[in-house]
Amino acid sequence: MTFSDVIGQEECKQRLLQMVQEDRLPHAIMLCGPSGVGKLAIAIAFASHLLGEDNAMVRKLEHPDLHFTYPTIKLPSMGADHKPISDDFARDWHYLLMQEGPYFSMDQWLLAIGAENQQAIITAGESDELVRKLSLKSSQGGYKVSVIWLPERMNIECANKLLKLIEEPPQQTVFLMACEEPDKLLETIRSRVQRIDVKQLPTDVIRQALIERRGIDEQQAQRLARLANGSWLKALQELQSGTENEQFLDLYILLMRQAYRRDVRSLKGWSETMASFGREKQKRFLQYFLHMTRESFMYNFHQPELSYMTQAEEDFTRNFARFINEANILPITDLASLAIRDIGQNANAKIVFFHLALQMIVLLIQK
């Protein structure tokens, strides 16, 4: 995997290459940005550059000095005392990277390891394993590269052990982190890494990539690129038929209609449906809820260039938008944000979603 496989992000690529050329490569780099903009792709491409892109093992992502760390779960087959580590899922990780490429979401990863209903973390066992691996001499006499995907999912024990490793890194070791929520990391870790912000992709870059890499016609590529809102991953998801967003739209419409009718019994059923999903999917829905609420509010300004909706979403919003206004947009946003926090903290999902549904009865009538 090389930098040519990365969509856009030319400024970031050049900055990394310049660090090497000027012999000022830091031992720990954290690539920060939203999902789907290419953080993992950049990290792997840069790791390949450091290890030698012409090396057959590098091209297959099987180089002995390339180490991947990512969130994992505890399988029923694992012993009570076993702390899951990345190597437990190495075959699934390698397959996903080689088949789907470096643009995938946490949800796709959980699906790949059969864990959609669990929340994945990076355990202390992983940091112990990293200490062991990185203490060994480089097998090829060059760099040892540790690529860490979503370091914010480390538990506190793992984070403290990784901090010590970053403070006293083994010789010729480079840490490359792909992070979406840096504020969730220990401040002491953030202060010891070189942060590089990876920005959302311009619409034109996504449009051109869709045409060149996916064979999409100009008109469809332009529509998909706008919907992608800066994320190559979102563009790929929009290409798929029967996407999850279609299900989320149906659930959003159902919620709003039942709340408007004050149908408490049906809203209870809706909340039970939501509670049957895995927590990662619940959080995805709530993010979609925020998206649709924002788009409904913006629709009232009658400025199409500000709209980022599919045709089906726009068809619903045309009549619904008047119910989202200056009086309730912020309370609704706060309500959904609180629900995201509660779901992330393993609160009872039935209670969280039923509370949200009941509050919508009140908020929809505010003028």
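Residues numbered from 1 in each chain as written. Predicted model: local features only at pLDDT ≥ 70, side-chain atom pairs only at ≥ 80, totals over all residues. Heavy atoms only, no water.

Caption draft 1: View of the overall build of the protein. Counting its regular elements, the protein contains 17 helices and 5 strands. In summary, the protein has a C-alpha radius of gyration of 22 Å against a globular reference of 21 Å for 367 residues, a match within 12%. Considered along the principal axes of its C-alpha atoms, the protein spans approximately 70 × 50 × 35 Å. The buried share of the protein, taken over its 367 residues, is 51%. Long-range pairs, those at least 24 residues apart, make up 73% of the contacts in the protein between residues at least 6 apart in sequence. Surface exposure of the protein reaches about 17800 Å², of which carbon and sulfur atoms provide 48%. (Helix = DSSP H or I, 4+ residues; strand = E, 2+ residues; numbered from the N terminus. Rg over C-alpha atoms; globule rule 2.2 N^0.38 Å. Buried < 20%, exposed > 50% of the residue type's maximum accessible area, 1.4 Å probe, protein only. Contact = heavy atoms within 4.5 Å. Areas by Shrake-Rupley, 256 points an atom, 1.4 Å probe, with all protein chains shown as cover.)

Caption draft 2: The arrangement of empty space enclosed by the protein in detail. In total, this model carries 2 cavities of 30 Å³ or more according to the counting rule given. By volume, the largest cavity is sized at about 110 Å³. What lines the largest cavity is a set of 14 residues, among which Gly-36, Lys-39, Phe-104, Trp-149 and Glu-180 lie closest to the centre. Element by element, the count of residues in the lining of the largest cavity is highest for helix α2 (residues 39-51), at 3 residues. The class makeup of the residues in the lining of the largest cavity is 9 nonpolar, 3 polar and 2 charged. (1 Å grid on protein atoms, 1.4 Å probe; cavity = no way out; pocket = protein on both sides within 12 Å on 5 of 7 lines; lining within 4 Å. Points joined across faces, edges and corners; volume = space filled by probe spheres on them. Nonpolar A, V, L, I, M, F, W, Y, C, P; charged D, E, K, R; others polar.)

Caption draft 3: Expanded view of the layout of surface pockets. Quantified by volume, the largest pocket comes out at close to 2000 Å³. Lining the largest pocket we find 49 residues, and of these Ser-35, Asp-107, Lys-283, Arg-284 and Gln-287 sit closest to its centre. Sorting the residues of the lining of the largest pocket by element identifies α5 (106-112), α10 (218-228), α11 (232-239), α12 (244-260), α14 (279-299) and α16 (329-344) as the ones contributing at least two each. With 9 residues, α14 is the single largest residue contributor to the lining of the largest pocket. Across the lining of the largest pocket, the residue classes break down as 16 nonpolar, 17 polar and 16 charged.

Caption draft 4: Fine view of the packing of aromatic side chains. Under the definition given, this model contains 20 aromatic pairs. Relative to Trp-93, the ring of Tyr-70 lies with its centre 4.1 Å away and its plane at 15°, an arrangement referred to as stacked. Remark: Trp-93 occurs in helix α4 (residues 90-100) and Tyr-70 occurs in the loop between β2 (66-69) and α4; sequence separation between them is 23 residues. Overall, Tyr-70 belongs to the buried group, its relative accessible area being 2%. Their ring planes at 45° and their centres at 5.5 Å tell us that Trp-93 and Trp-149 sit as a pair that is tilted. Placement of the pair is Trp-93 in helix α4 and Trp-149 in strand β3 (residues 144-149), with a sequence separation of 56 residues. (Phe/Tyr/Trp six-rings, centres within 6.5 Å; stacked < 30°, edge-to-face > 60°.)

Caption draft 5: Layout of the pattern of salt bridges. Inspection of every chain in the model, using the stated rule, returns 22 salt bridges. The partner of Lys-133 in a salt bridge is Asp-87, with the nearest N and O atoms 3.0 Å apart. In this pair, Lys-133 sits in helix α6 (residues 124-134) while Asp-87 sits in the loop between β2 and α4, placing the two residues 46 residues apart along the sequence. With relative accessibility at 14%, the residue Lys-133 sits in the buried group. One salt bridge connects Asp-204 with Arg-207, and the closest N-O pair in it is separated by 3.8 Å. (Salt bridge = Lys/Arg side-chain N within 4 Å of Asp/Glu carboxyl O.)

Caption draft 6: Region of the structure containing the sheet that holds strand β5 (residues 194-197). With respect to topology, 5 strands assemble into an open sheet ordered β2-β3-β4-β1-β5, the strand pairing being parallel. Looking at which strands have only one partner, the edges of the open sheet turn out to be β2 and β5. Strand-to-strand twist in this sheet, taken as the mean axis angle between neighbours without regard to direction, amounts to 20°. Summarising the sheet, strand β1 (residues 28-32) and β5 pair through 4 bridges and their orientation is parallel. Among the inter-strand pairings, Ile-29 is bridged to a residue of β5, identified as Gln-194. In the packing of helix α7 (residues 156-167) onto the sheet, contacts are made with β1, β3 and β4 (173-179), and the angle to β4 comes to roughly 135°. (Pairing = 2+ DSSP bridges. Axes fitted to C-alpha atoms, helices over the stretch in contact; angles between N-to-C directions.)

Caption draft 7: Spatial organisation of the packing of helix α9 (residues 203-214) against α11. Where α9 contacts α11, the two axes come as close as 11 Å, and the packing angle between them is 55°. It follows from the interaxial angle that α9 and α11 lie oblique. For α9 against α11, the interelement crossing comes out right-handed. Across from Ile-206, Ala-209, Leu-210 and Arg-214 in α9, the residues of α11 making contact are Trp-232, Ala-235, Leu-236 and Leu-239. Here the residues of the contact of α9 with α11 are counted per class, giving 7 nonpolar, no polar and 1 charged. (Parallel < 35°, antiparallel > 145°, perpendicular 65-115°, else oblique. Left-handed = near helix turned anticlockwise from the far one by under 90°.)

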